[in-house]
Amino acid sequence: SNAAFAARVLSIPSVALLTTAGPGSIQRTYAEILRMSQTTEEILVKELEDFQPHREAVTRLNEKYGLDIGLLTNMQPTGKLDVLKWSAVTLVTTCEDLLDPMTPDVAEIYTKEGAIFEAVGPLLDKAGARRAA
């Protein structure tokens, strides 16, 4: 998220890297985190809305940098990653056949926001490989 925010502030393109089974996996991940935390989406939403330091921080970021961050980041609907709308493309480190499906509502929102996903497969390395510095 921080890189996407910085790129937005600097008016430069950003590329997101999603190292899961695609955007469809995020909703399941959030659901599992809520289950393991023995809480509900409703409780989490209330905490985000009511926690004054969170509200103040979001307000400061929006005012200082002209961002449009909401109080319920990644919670409308739960597991939809808001920052991906700001990326030129999101590289997904799995192949098309192994992508977790998105729910229709999330897929529609990503489409409306212009989010682009490219399944690039696993980014494997080997001993002695050289990288650009």
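Residues numbered from 1 in each chain as written. Predicted model: local features only at pLDDT ≥ 70, side-chain atom pairs only at ≥ 80, totals over all residues. Heavy atoms only, no water.

Engineer: Any chance you could explain the nonpolar core here in plain terms?
Structural biologist: In globular proteins that are soluble, nonpolar side chains generally tend to be buried together. Within the largest apolar cluster, 16 residues are counted, with the highest numbers of intra-cluster contacts made by Phe5, Ile69, Leu81, Val83, Leu84, Trp86 and Tyr110. If you list the elements that add at least two residues to this core, you get α1 (2-10), β1 (15-18) and α5 (104-113). Those residues in contact with Leu84 that lie beyond four places of it in its chain are Ala16, Thr90, Tyr110, Ala115 and Phe117. (Core = buried A, V, L, I, M, F, W, Y, C linked by side-chain atoms within 4.5 Å. Buried < 20%, exposed > 50% of the residue type's maximum accessible area, 1.4 Å probe, protein only. Helix = DSSP H or I, 4+ residues; strand = E, 2+ residues; numbered from the N terminus. Contact = heavy atoms within 4.5 Å.)

Engineer: I would appreciate a short explanation of a nonpolar patch on the surface in the present structure.
Structural biologist: A grouping of Val9, Leu10, Ile12, Leu61 and Tyr65 is seen on the molecular surface, where their side chains present a nonpolar patch of about 450 Å² in accessible area. Among the elements of the structure, α1 and α4 (52-65) are those that each provide at least two residues to the nonpolar patch. Note on placement: Tyr65 falls in helix α4. Taking the relative accessible area as the measure of exposure, Tyr65 reaches 39% and is therefore partly exposed. (Patch = residues over 30% accessible without salt bridge, like charges linked within 9 Å, V, L, I, M, F, W, Y side chains within 5 Å. Areas by Shrake-Rupley, 256 points an atom, 1.4 Å probe, with all protein chains shown as cover. Salt bridge = Lys/Arg side-chain N within 4 Å of Asp/Glu carboxyl O.)

Engineer: Whenever I open this one, the pairing of β1 confuses me. Can you help?
Structural biologist: Taking every second residue as pointing to the same face, the buried face of β1 carries Ala16 and Leu18, while none of Val15 and Leu17 on the other face is buried. Across 4 bridges, β1 lies against strand β2 (residues 89-92) in parallel orientation. Paired with Val15 across the bridge in β2 is Val89. (Pairing = 2+ DSSP bridges.)

Engineer: I would appreciate a short explanation of the pattern of salt bridges in the present structure.
Structural biologist: Two side chains that carry opposite charge are able to pair once their charged atoms sit near each other. Under the definition given, this model contains 6 salt bridges. Between Lys46 and Asp50 there is a salt bridge whose closest N-O contact spans 2.4 Å. On the criterion of helical spacing, the pair formed by Lys46 and Asp50 is a turn pair, its members being 4 residues apart in helix α3 (residues 41-50). Accessibility expressed as a relative area gives 44% for Asp50, which makes it partly exposed. Through salt bridges with shared partners, a single network forms among Lys80, Asp82 and Glu113.

Engineer: I keep staring at the environment of Leu123 and nothing clicks. Help me out?
Structural biologist: Note that Leu123 resides in the segment after β3 (117-119). We classify Leu123 as exposed; its relative accessible area is 56%. As a C-alpha pair, Leu123 and Ser14 span 109 residues in sequence and 19 Å in three-dimensional space. Beyond its immediate stretch of four places on either side in the chain, Leu123 contacts Leu17 and Thr93.

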